Amino acid sequence: MSKSSELVRGNLLSILADNKFHSGETLGKTLGISRASISNHIKVFSSLGLDIYSVTGKGYRLAQPLMLLNLDKIKEHFLSTHPAEIEVLNVIGSTNQYLKDKSIELKNGHTCLAEAQTAGRGRHGRKWVSPYAASLYLSMHWSFAGGYAVLGGLSLAIGVAIVDALNQCGVKGVQLKWPNDIYAQGKKLAGVLIEVEGQMGSGCQAVIGVGLNVTLPKNIEEIGQPWIDLSQLSDPLINRNTLAGTLVNELTKSLTLFESSGLEPFIAKWRALDVYANQGVKLIIGQQTVTGVSRGIDANGAILLETEQGVKAYHGGEISVRPI
Ligand code: ATP
Ligand code: BTN
């Protein structure tokens, strides 16, 4: 997107943010562009997943109020001792990819947030649906001197940090699904994608990505499983900037603790939040499926499955858990 288009779109959004109808003509006059250009900018927003009503004779109106990310407002909620930079971006492919592409050495805690992602991703190359201003798309950099060997269970510690942040913002009843999902009312609220680079036997760099649904457009069809957002869990709706700042704090705190003490300080909390505790589940491991009763996690963060052969620990990024 060119700088001038970005500027026009930013101004257009700030006018539409009042949630009232604005005619194409008035918008054009205010922004010094034609009605046709306004219509094109609106089409771009729609393609990014922003829900905009277009009514003949009335003009354009946002389907729901817009709460844009604002660095100053986010900063009010995270600690002044935060060790690194926070970047707030507009539209980007993937916040995880953005941090991975940065060639300069990043400080631990360097974070980026975006309003929308055009190539948001989940585990196994799956798509993360990322409409404009509808969720939090956040990635944080952290280097681990101990390398890959010390990262076991990191996604579980991050899950606990996300639940802590949500609880602090007044959202209750949130649970965790092994190894990387945040659930509420049995539906997916958020996901964690950790991507790691480094040589075996030396330090490694991790990008910790979090996608957390705030107010997704109701007509989304691309998510192939039951989902939920915070608009269904918090009244009044949580402020995205408050949530972002709180999340940055909790992630930084938890990563610092994980680096010094590993998974141990998170285990009891994770077990208490386990969405499938003592329930029948199947583990999908590549082409193979194992069915049993979920018995939580062991000290390394592996999932424990009880079958007729007894309780066995399963670890590794290739496993998916499903209810039966
Ligand atoms: P598992 O992690 O157990 O393998 P999963 O189906 O949740 O299972 P992930 O790769 O973790 O798979 O997450 C990606 C999936 O999440 C997508 O295939 C889609 O079903 C779902 N998804 C995509 N975008 C969203 C979103 N915004 N909110 C909720 N769920 C989403
Ligand atoms: C999953 O459930 O598989 C994980 C989804 C992680 C989505 C987040 S959104 C911010 C960051 N950037 C990405 O491209 N993915 C993660």
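Since we're looking at a predicted model, the values are computed, not measured.

Draft legend 1. View of the packing of aromatic side chains. Summed over all chains, the structure comprises three aromatic pairs. Ring plane angle 65° and centroid distance 5.8 Å describe the contact between Phe45 and Tyr132, whose orientation is recorded as edge-to-face. Of this pair, Phe45 sits in helix α3 (residues 35-47) while Tyr132 sits in the loop between β4 (111-117) and β5 (135-144), and the two are 87 residues apart along the sequence. By relative accessible area, Phe45 is classed as buried at 2%. On the basis of relative accessibility, which here comes to 5%, the residue Tyr132 falls in the buried class. Ring centres 6.3 Å apart and planes at 85° place the aromatic pair Phe144 and Phe258 in the edge-to-face group. Here Phe144 is found in strand β5, whereas its partner Phe258 is found in helix α7 (residues 240-261), with 114 residues between them in sequence. With respect to burial, Phe144 and Phe258 carry one shared label: buried. Connected via pairs of aromatic rings, a cluster forms that spans Phe144, Phe258 and Phe266.

Draft legend 2. Spatial organisation of the sheet that holds β5. Pairing in this open sheet of seven strands is mixed, and the strands run β3-β4-β5-β9-β8-β7-β6 from one edge to the other. Edge positions in the open sheet fall to β3 (86-92) and β6 (174-177), since each of these has one partner strand only. Averaged over all pairs of adjacent strands, the angle between strand axes in this sheet comes to 20°, irrespective of strand direction. Helix α6 (residues 154-168) rests against β5, β6, β7 (181-184), β8 (187-198) and β9 (204-213) of the sheet, and its axis sits at about 135° to β8.

Draft legend 3. Quick peek at the site of ligand 1. Arg126, Val129, Lys188, Asn213 and Ser320 are the nearest of the 18 residues found near ligand 1. In the model, an oxygen atom of ligand 1 is placed 3.1 Å from a nitrogen or oxygen of the Arg123 main chain. In this structure, an oxygen atom belonging to ligand 1 sits 2.6 Å away from a side-chain N or O atom of Ser320. Surface burial for ligand 1 is 93%, taken as the share of its 610 Å² of free accessible area covered by protein chains. When grouped by side-chain class, the residues that make up the shell around ligand 1 number five nonpolar, six polar and seven charged. Counting the residues that make up the shell around ligand 1, at least three belong to each of domain 2 (71-272) and domain 3 (276-323).

Draft legend 4. Expanded view of the site of ligand 2. The environment of ligand 2 is formed by 20 residues, the closest being Ser94, Gln117, Arg121, Arg123 and Lys188. One nitrogen or oxygen atom from the main chain of Arg123 is found 2.9 Å from an oxygen atom belonging to ligand 2. Protein contacts shield 97% of the accessible area of ligand 2, which totals 410 Å² for the unbound molecule. Counting residues per element, the ones that place at least two in the shell around ligand 2 are α5 (95-101), β5, β8 and β9. Top contributing element to the shell around ligand 2 by residue count: β8, with four residues. Residue classes in the shell around ligand 2 are distributed as five nonpolar, eleven polar and four charged.

Draft legend 5. Broad picture of the domain arrangement of the protein chain. Each domain of the protein chain was delimited in the assignment, giving domain 1 (3-62), domain 2 (71-272) and domain 3 (276-323). Of note, the centres of domain 2 and domain 3, computed from C-alpha atoms alone, are 24 Å apart. Taken residue by residue, the interface counts 14 residues in domain 2 and 16 residues in domain 3. Both faces considered, domain 2 and domain 3 share a buried interface measuring about 1100 Å² in area, 55% of it formed by carbon and sulfur atoms. In terms of surface lost to domain 3, no three residues of domain 2 exceed Lys177, Trp178 and Arg271, which account for 49% of the buried area on that side. In this assembly, domain 2 and domain 3 are joined by zero salt bridges.

Calculation notes
- Throughout this document, residue positions are counted from 1 along each chain, in the order its sequence is written.
- Lettering of chains starts at A and numbering of ligands starts at 1, both following the order in which they are written.
- Only residues with pLDDT of at least 70 get local features here, since the model is predicted, and only at 80 or more are side-chain atom pairs given and counted; chain-wide, interface and lining totals rely on the full set of residues.
- Excluded from the side-chain calculation are hydrogens and water; included are all heavy atoms of the structure.
- Aromatic pairs are defined between Phe, Tyr and Trp rings, using the six-membered ring for Trp, whenever the two ring centres lie within 6.5 Å; interplanar angles under 30 degrees are classed as stacked, those over 60 as edge-to-face, and all others as tilted.
- Each helix is a run of DSSP H or I of at least 4 residues and each strand a run of E of at least 2, with the numbering of both proceeding from the N terminus.
- In this scheme, a residue with accessible area under 20% of its type's maximum is buried, one over 50% is exposed, and one in between is partly exposed, where area comes from a 1.4 Å probe on protein chains only.
- Strands are treated as partners if at least two bridges between them are detected by DSSP.
- To define axes, lines are fitted to C-alpha atoms, for helices over the stretch in contact only, and angles between the resulting N-to-C directions are given on a 0 to 180 degree scale.
- Working rule for contacts: check all heavy atoms of both residues, and any pair within 4.5 Å makes them a contact.
- Here a residue is considered near a molecule or strand provided that any single heavy atom belonging to it is located within 4 Å of it.
- Pairs of N or O atoms within 3.5 Å make up the polar contacts considered here, provided that, within protein, one atom can donate a hydrogen while the other can accept it, and that residues adjacent in sequence are counted only when both atoms are side-chain atoms.
- Accessible areas in this description were obtained via Shrake-Rupley with a 1.4 Å probe; residue shielding takes into account the shown protein chains only.
- Each residue is assigned to one class: nonpolar for Ala, Val, Leu, Ile, Met, Phe, Trp, Tyr, Cys and Pro, charged for Asp, Glu, Lys and Arg, and polar for all the others, Gly among them.
- Segmentation into domains, and thus their bounds, comes from an automatic or database assignment.
- Accessible area that two parts lose when put together, with a 1.4 Å probe and added across both, is what the buried area reports.
- In the sections that follow, a salt bridge refers to a side-chain nitrogen of Lys or Arg positioned within 4 Å of a carboxyl oxygen of Asp or Glu.

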